[in-house]
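Okay, here's what each chain looks like letter by letter:
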Amino acid sequence: DSLLQELLQISICVPDAVALISCLTMYSLVRSSHPATGVEHSTSCYFYHAGEKNLVVAGANVLRVFRFVPDLDTRGKEEEQSRLKMECVASWEMFGWIQSLASVRLTGAERDSLLLTFKDAKLSLVEYNPDTHDLQTLSLHHFEDEEVRGGYIHNECVPCVRVDPDNRCAAMLAYGKKIIILPFKRDMTTGAEGEDSISDLSLDGLALGGSSRVMPSYTLDLTTVIQTHTVDNIIDIQFLHGYNQPTLLILYEPLKTYAGRIAVRKDTCRLDVVTLDVKEKLAAFIWSREVLPFDCVRAVPVPQPVGGTLVFAVNSLFYLNQGIPIYGVSLNSTGDKDVTTDILIKQLEGVKLSLDCAVADFLSPSQLVISLKGGELYVLSLVVDSMRSVKGFHLDKAAASVLTTCVSLACPGYLFLGSRLGNSLLLRYTSREVGQARRVEKEPPSKKKRLDMQGDWLDTELEMDADFEMYGRQETAQHKITAFTFEVMDSLLNIGPCGQVAMGEPAFLSEEFSSSSAPDPDIELVTTAGHGKNGALCLLQKTVRPQVVTTFELPGCQDMWTVFSGQGKQEHAFLILSRTESSMILQTGQEINELDSSGFFTSGPTVFSGNLGSNQFIVQVTPYSVLLLCDSELVQTVPLDLGSPLTSACCTDPHLAVLAGQAGQAAVLTLHQGQLSLLKTRIGELPGRAKSNFLAISLYRDMSGLLSSQVAGGVGRGERRAGRQESTGKTQELDEEDELLYGSADAGGGGGVQDQSQEEEEPWMRHLEEVTPTYWLVGVRENGNMELYSVPDFSLRFVALNFPHQADVLVDNMSTRASTHAEPAIHLDKLSPLTEVLMVGLGMQGRRPILLARTRDSELVMYEVYPYHSRSLAQEQLKIRFKKMHHGLILRERRSKTKSSPPPPPKMRYFSCIAGYEGVFLPGPYPHWLLLTPRGELRTHPMSIDGSVTTFSPFHNVNCPQGFLYFNRKSELRICVLPAHLSYDAPWPVRKVPLRCTPHFITFHIESKTFAVITSVAEQTNKIWKFNGDDKELSIEDRSDRFIYPTINKFSLQLFSPNTWEAIPGTKVQLDDWEYVTCMKHLYLSSEGMHSGQRGFIVVGTNYSYGEDITSRGHVKIYDIIEVVPEPGQPLTKNKIKTMYDKEQKGPVTAISAVSGFLVSTVGQKIYIWQFKDKDLHGIAFIDTQVYVHQIHSLKNFLLVGDVYKSINVLQYQQDYRTVSLISRDTNPMEVYATEFTIDNGHLGFVATDSMRNLCVFMYSPDSREAMGGHRLMRKADFHMGQHINCMWRVRAKLSDPSTSQRLLSANEKRHVTWYATLDGSIGHLLPVAEKTYRRLLMLMNVMTNSLPHTAGLNPKGFRTIRQNKKDLRNPSRGIVDGDLVFKFTDLSAALKAEFARKIGTSADEIMDDLAELDRNAAHF
């Protein structure tokens, strides 16, 4: 172990060092518990098969795949066109953040592959593998050797990948100056004979697999191709359309310029076009364009038949193509002067915009949609003449939408806008023709002007063009301009970027929970999210907190069911409670009463109760018989003897299945014409051969149509189409003229025009077809087989062996039936036995079949059914497989000292409609809600607030609409509803409150229970402050009406009430223009003269930013929130803001805190400690600091200070001497983003996050030699997060455990969990762990890093190593366990768990107990 070796080396020099370091190193675990929600890249491709387009979306380290399904809820209006929604079908979290994304169809493939790039220069080619229903890595390329780096340690350039439109090769830009070409094989035949088979034996060939479709990559030698300039500072690379060979465009800036030199050098960009011969690794220069403005941002290749490329600059827009003069327009008055030389730039009339941060995608060959940095959507139409050269641009503002990071054409008629700053949207666009712009030769000038106003577009179009006159009158082609309308169809929630987080008390907490004396407080999180018009507050709770309607004490109940009576009312009429010796029947109407005389069986326990026959009949299962009732009258009794009492049952209309536990026998009954008849008893047995006993059974009604032996429509069609494309591809290569007319024969394009109209209908239309329900029985036997029988003919259709091993994929073993009879499988004795299975259809209209199974130690395993078509499957086999779903829940109880085996966990309950959600509830020691909505992502929400839940049932009633019932540990029956203000279809239950302005800071005022929020609105200004010798003056600048004025942020402070999340009227404090808020906190200050003791105030630090010539000064503002008599009809107005102090300081106030009742603030480069006395601040102490302090946190009398360049300092305030002094500091430079303390009993660590996305833990250890007597802080742990962290906060670790009433750990009294939120919308925590646990998990981490196949071939250890932009002499100290990797252990199969545990010399149970404890310690919110 590298850490131990380092320690040993130190111990040779310093004999006592090991003892010191071992007691002073703080071990911890970092784990993210909310995935990143922002979207940065998107592409649409045939991800699963050639029959259906999917949308692939990436943000931070998460990759998600969506399919398009019709929105069937809104389909009642009989629209001619169905509304499409996005359903998530797969998602992966990676050990690396995705930098760019592209799709490619390799030769002979049935589906598209994905190219993903990662920092610094890694490229992975991955594709979907139907055998494992997972991503498989096809090839890995990494270009991080010293030669390619060119001596740089760190490079800011984004590695981006581009794919040739005909899928012949891909190009990747690395380090901003190297272009790497990745060729793909075009024909699959050459490998068999000749030289290719020999060359594949080289190292490259072996590394990529012998019969690889990817050829070895090579670096494009740009110096020989482009000899006139050195290619450096590449802005963009793109492949052009319509060339025979792959043709690459390079937009770059050979010699950079800067703002101060624009007057003399502004045409610095160049565009060169190079053609590639990938087989011979040659390249040839074709054409170039020299003088382009310095602010070019991207190139957008124009598809066939137009060809060429657009170049976006910040203030201008150009069209370039080979052999055609350049066409450029300027978009504002800055752009009018952009280019000095021969390019004729025309002004685009009536347009005033800039293209920085703009993203674009083509809707049709001559129209593209552009989303600007402010969220406006413009449609740019290229006006093309008969020679296919662009003669004009027409810009039409179509809509204003979300601030967009990526845009892609999702499927025909639909556009996806991905956003990091707001929710991502799916828009439907419809086009209509606005009219025709016709070139007319002689028109009176008045008409010309009017046309111009009408069309609001190009003047160049209406004027006569010089080259136009050559063609005469007959060529006055008509240009149809289409306008587009956009409407939102669907959106993806994004809670990022999380700037600041405040903890507050939940507003709607039921009295039953708020009065409880639990050691852990209930808190919820409120984060600031978004920017500009996407600004919002996000309210997050990790756990479900039910709203209790009433509570009853009912001791001794073991199980309960709610049933409908048959009178057509859709409300539950009876509640059946089962006890050990009797059953109790309650009638539930307006009130709940016990039924005295009825046909129900009450003299013994009830096994199961439910409804049959479209809720007309009630069935009650007792240990020895089955009763059928109508309303509460007994209709029929069916005695059953299966060798032992019945122990479980389940029903799906019209079938009922029962199981006798000890005998292991099952029977199925069916309701027919109002009578129950026994359908089958000895299921799956052949005469003379006894089958192994059943452990658990479940009935399932399939609405997905997946469980069939037919080939599903979409796939067969896709394969046919792929064949058709291959043939069209061949013919078109021969005929170039056709290629120009019909577009290139690229596999994604559908080959020819005729197919496309058919294709648009197909993929999602199949979701509208009626599915006839089929019935199935799932059973798990003692020998470990999981069997699927079709009902009512009870033929065995699917067998999976060794089901308790929890393999990743369950494969059908029908063909190898011989060995599956009564032989017990291997190693099953050690595993915890299964107690229950449940198969349900969730998702959109139950189209996602899910199989759940629970073991005796409460653990859960989930599988989803996915379609699987393989040549190896026999004709009659089901075309499915089961894939394990990774839920990461640890539901086992803490093992008690006595080691008695736990009772089996209570039954899982499916619910169809609780507050509009369907899913499964898991009762037990750690109750959870599992939801799978039409959105398609599995959500697991814990409900720990009421301890363990023994049984659960949905309950729909007049007084409790769409609610539920459950029994808690104290035998209290609670009748509850889900709080409606939260959306549960999110990783954590969330409510997003739109603000429509940028939120900056938020804090919770504890006494008044309100939130104070600082927001800002950007307004355009034409004023600027200037220095006139002795004072400053405001001057007004007048520019032309096409000038884009700068914006100024106007800040304000506003109170929000957590009850309604509305702004409290009359509490807005508007700050001055030019006054920027730099910090706001809720601080406890002792203010003499007003009252004794300390009191909470809202303190704001500001700064007046007037520009660089004028000294900036700031204010400290202290506000108190006071209670007043509310205005009539407005209960919220009981709080007002009262200004206690607001005075100018000698410099900018950039950070504030409080220490022992005194205010701490920075003023310029000094830190002052003030006493708040008689409504004034009196200075007590000060100390000088470094460059720019923006973080101060206090703990007792210590101050942790974060500097934007100079890392962190630790100060101490001494009350007796009234001085503040420096204890220790980190001497290495670090650009700090956020700081916080981490506390583990007697040990104090200092956490800092930096601009390189790292998280470091420092400690004060005066005894170690490198600490120079304590003057230097020691970096004891470091970890690369891969996401920017701007905000951290601390919570005491959990003391209580939901499953028991006593406290968890007394050690947690003084252990704090440090939580963080990232700018990509992820939330996670840093948790101190004991050294023994750390060592065990570190070994596990090393084993898992080497033994598990990681998505896209990324190495967790390499990803988590600290990244730095300068060479550092210190080694990475690690010291932090990667929780995201270690917690993958819970979802491994039993065999892998045992093997990994054996490798590190422990047992799987011990590791699971360790993980469970760590999971419970941080189960907050």
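Cut-off values and rules
Residues numbered from 1 in each chain as written. Predicted model: local features only at pLDDT ≥ 70, side-chain atom pairs only at ≥ 80, totals over all residues. Heavy atoms only, no water. Helix = DSSP H or I, 4+ residues; strand = E, 2+ residues; numbered from the N terminus. Buried < 20%, exposed > 50% of the residue type's maximum accessible area, 1.4 Å probe, protein only. Contact = heavy atoms within 4.5 Å. Pairing = 2+ DSSP bridges. Axes fitted to C-alpha atoms, helices over the stretch in contact; angles between N-to-C directions. Expected span 1.5 Å × (residues − 1). Core = buried A, V, L, I, M, F, W, Y, C linked by side-chain atoms within 4.5 Å. Lys, Arg positive; Asp, Glu negative; His and termini not counted. Salt bridge = Lys/Arg side-chain N within 4 Å of Asp/Glu carboxyl O. Polar contact = N/O pair within 3.5 Å; in protein donor to acceptor, adjacent residues only side chain to side chain. pLDDT = per-residue confidence, 0-100. Phe/Tyr/Trp six-rings, centres within 6.5 Å; stacked < 30°, edge-to-face > 60°. Left-handed = near helix turned anticlockwise from the far one by under 90°. Nonpolar A, V, L, I, M, F, W, Y, C, P; charged D, E, K, R; others polar.

## Things to note about the overall build of the chain
When you go through the chain residue by residue, the secondary structure sums to 18 helices and 89 strands. Counting over 1421 residues, the chain shows a buried share of 56%. In the chain, the share of contacts with a sequence separation of at least 24, taken over all contacts with a separation of at least 6, comes to 59%.

## Quick look at the pairing of strand 6 (residues 98-104)
When you tally the buried positions in strand 6, you get 7 out of 7 residues, the bulk of the element. Bridge count for strand 6 against strand 7 (residues 113-118) is 6 bridges, and the pairing is antiparallel. Bridged to Ser100 within strand 7 is Thr117.

## Comments concerning the sheet that holds strand 7
Overall, antiparallel pairing links the 4 strands, which are arranged 6-7-8-9 in an open sheet. Of all the strands in the sheet, just strand 6 and strand 9 (134-142) have a single pairing partner and so form its edges. Sheet twist, expressed as the mean angle between neighbouring strand axes with direction ignored, is 25°.

## Examining the environment of Leu777
Tracing the sequence through the fold places Leu777 in strand 48 (residues 774-781). Separated by 76 residues in the primary sequence, Leu777 and Arg701 have C-alpha atoms spaced 8.9 Å apart. Setting aside residues up to four positions removed in sequence, Leu777 forms contacts with Ala657, Val668, Ile683, Ile697, Ser698, Leu699, Glu787, Leu788, Tyr789, Val791 and Phe794.

## As for the pairing of strand 7
Consecutive side chains along a regular strand alternate between the two faces of the sheet. Across the 6 residues that make up strand 7, a large majority, 6, are buried. Going residue by residue along strand 7, you find Ser113, Leu115 and Thr117 tucked away on one face and Leu114, Leu116 and Phe118 tucked away on the opposite face as well. Direction of pairing for strand 7 relative to strand 8 (residues 122-129): antiparallel, over a ladder of 5 bridges. Bridge assignment links Leu116 to a residue of strand 8, and that residue is Ser124. Connecting the antiparallel pair strand 7 and strand 8 is a turn made up of 3 residues.

## Observations regarding the environment of His767
By the element assignment, His767 lies in the loop between helix 13 (754-765) and strand 48. We classify His767 as buried; its relative accessible area is 5%. Put simply, His767 and Ser704 are 63 residues apart on the chain and 9.4 Å apart in space, counted from C-alpha to C-alpha. Apart from the residues within four sequence positions on either side, His767 is in contact with Glu52, Arg67, Phe68, Val69, Pro70, Leu72, Met844 and Arg847.

## Remarks on the sheet that holds strand 12 (residues 178-183)
The strand order across the open sheet built from 4 strands is 10-11-12-13, with neighbouring strands paired in antiparallel fashion. Two strands close off the open sheet at either side, each with one partner strand: strand 10 (160-163) and strand 13 (218-219). Bridge count between strand 11 (residues 169-174) and strand 12: 6 bridges; the pairing is antiparallel. Note that in strand 12 the partner of Met172 across the bridge is Ile180.

## Observations concerning helix 14 (residues 1331-1347)
Taking 1.5 Å of rise per residue, the 17 residues of helix 14 would be expected to cover 24 Å, and the 24 Å separating its terminal C-alpha atoms lies within 8% of that figure. By the burial criterion, the buried members of helix 14 are Thr1333, Tyr1334, Arg1335, Arg1336, Leu1337, Leu1338, Leu1340, Met1341, Val1343, Met1344 and Thr1345.

## What to know about the environment of Leu930
The topology assignment puts Leu930 in strand 58 (residues 928-932). Along the sequence, Leu930 and Val920 sit 10 residues apart, while their C-alpha atoms lie 5.2 Å from each other. For Leu930, the residues in contact, after removing those within four places along its chain, are Leu852, Leu860, Met862, Leu889, Gly919, Val920, Leu922, Arg939 and Thr940.

## Looking at unusual backbone geometry
Lys119 connects to Asp120 through a cis peptide bond whose omega is -10°. Cis geometry marks the peptide bond from Gly496 to Pro497, where omega comes out at -15°. Position of Pro497 among the secondary structure elements: in the loop between strand 30 (478-492) and strand 31 (501-504). Look at Met1268: it is not a glycine, yet its phi comes out positive at around 55°. Within the secondary structure, Met1268 is located in the loop between strand 84 (1254-1259) and strand 85 (1274-1280). The backbone of Phe1421 shows a phi angle near 60°, a positive value even though the residue is not glycine. As for its placement among the helices and strands, Phe1421 is situated in the segment after helix 18 (1404-1417).

## Side note on the nonpolar core
With 76 residues, the main nonpolar core has Phe47, Leu63 and Trp1289 as its most contacted residues. Other than its neighbours up to four places away in sequence, Phe47 contacts Glu52, Asn54, Val56, Val65, Trp92, Arg111, Asp112, Leu114, Tyr128 and Leu135. Ranked by size, the runner-up nonpolar core spans 32 residues in total, among them Phe513, Leu537, Met943 and Ile945.

## Concerning the side chain of Lys119
The residue Lys119 is located in the loop between strand 7 and strand 8 in this model. Buried and without a salt bridge, Lys119 has Glu156 as its closest oppositely charged side chain, separated by 5.0 Å. At a separation of 3.4 Å, a polar atom in the side chain of Lys119 contacts the main-chain carbonyl oxygen of Glu156. Polar side-chain contacts of Lys119 include one of 3.4 Å to the backbone oxygen of Cys157. Excluding its chain neighbours within four sequence positions, the residues that come into contact with Lys119 are Trp97, Gln99, Glu144, Asn155, Glu156, Cys157, Val158, Pro159 and Arg1363.

## Digging into the confidence of the model for the chain
Caution applies to low-pLDDT parts of the model: their predicted coordinates are not meant to be read in detail. When pLDDT is averaged along the chain, the result is 83, and 86% of the positions lie at 70 or above. Taken together, the stretch residues 1-23 has pLDDT below 50 and engages in 16 contacts with residues farther than four places along the chain or on a different chain. Confidence drops under a pLDDT of 50 for residues 714-760, and excluding neighbours within four residues, the segment shows 49 contacts in the predicted structure.

## Section: the packing of aromatic side chains
Taken as a whole and assessed by the stated rule, the structure comprises 38 aromatic pairs. Ring geometry for Trp929 versus Phe952: centroids 5.5 Å apart, planes at 85°, classification edge-to-face. Placement of the pair is Trp929 in strand 58 and Phe952 in strand 60 (residues 949-957), with a sequence separation of 23 residues. Like Phe952, Trp929 is buried. Arranged with centres 5.7 Å apart and planes meeting at 85°, the rings of Phe1097 and Phe1172 form a pair that is edge-to-face. With Phe1097 in strand 71 (residues 1094-1104) and Phe1172 in strand 76 (residues 1166-1173), this pair connects stretches of sequence that are 75 residues apart. What makes Phe1097 buried here is its relative accessible area of 0%.

## With respect to the side chain of Arg1360
Tracing the backbone shows Arg1360 in helix 15 (residues 1356-1360). Separated by 2.9 Å, the side chain of Arg1360 and the backbone oxygen of His1280 make a polar contact. Look past the residues within four positions of Arg1360 in its chain and what remains in contact with it is Phe1279, His1280, Met1281, Asp1378 and Asp1380.

## Points about the packing of helix 14 against helix 18
Closest axis-to-axis distance for the helix 14/helix 18 pair is 11 Å, and the angle between their directions is 115°. Here helix 14 and helix 18 pass one another in a crossing that is left-handed. Where helix 14 approaches helix 18, its residues Thr1333, Arg1336, Leu1337 and Leu1340 are matched on the opposing element by Glu1406, Ile1407, Asp1410, Leu1411 and Leu1414. Taken together, the residues of the contact of helix 14 with helix 18 sort by class into 5 nonpolar, 1 polar and 3 charged.

## Notes on the pattern of salt bridges
Tallied over the entire structure, the rule returns 58 salt bridges. Of the charged contacts, one joins Arg64 and Glu937 as a salt bridge, the two residues approaching to 3.4 Å between their closest N and O atoms. With Arg64 in strand 4 (residues 62-70) and Glu937 in the loop between strand 58 and strand 59 (938-942), this residue pair connects regions lying 873 residues apart in the sequence. Glu937 shares its class with Arg64; the two are buried. For Asp1409, the salt bridge is made with Arg892, and the minimal N-O distance between the two is 3.5 Å. Here the residue Asp1409 occupies a position in helix 18, and Arg892 occupies one in the loop between strand 55 (880-884) and strand 56 (909-914), the gap between them amounting to 517 residues. Given the relative accessible area of 19%, Asp1409 is considered buried. A relative accessible area of 8% places Arg892 in the buried class.

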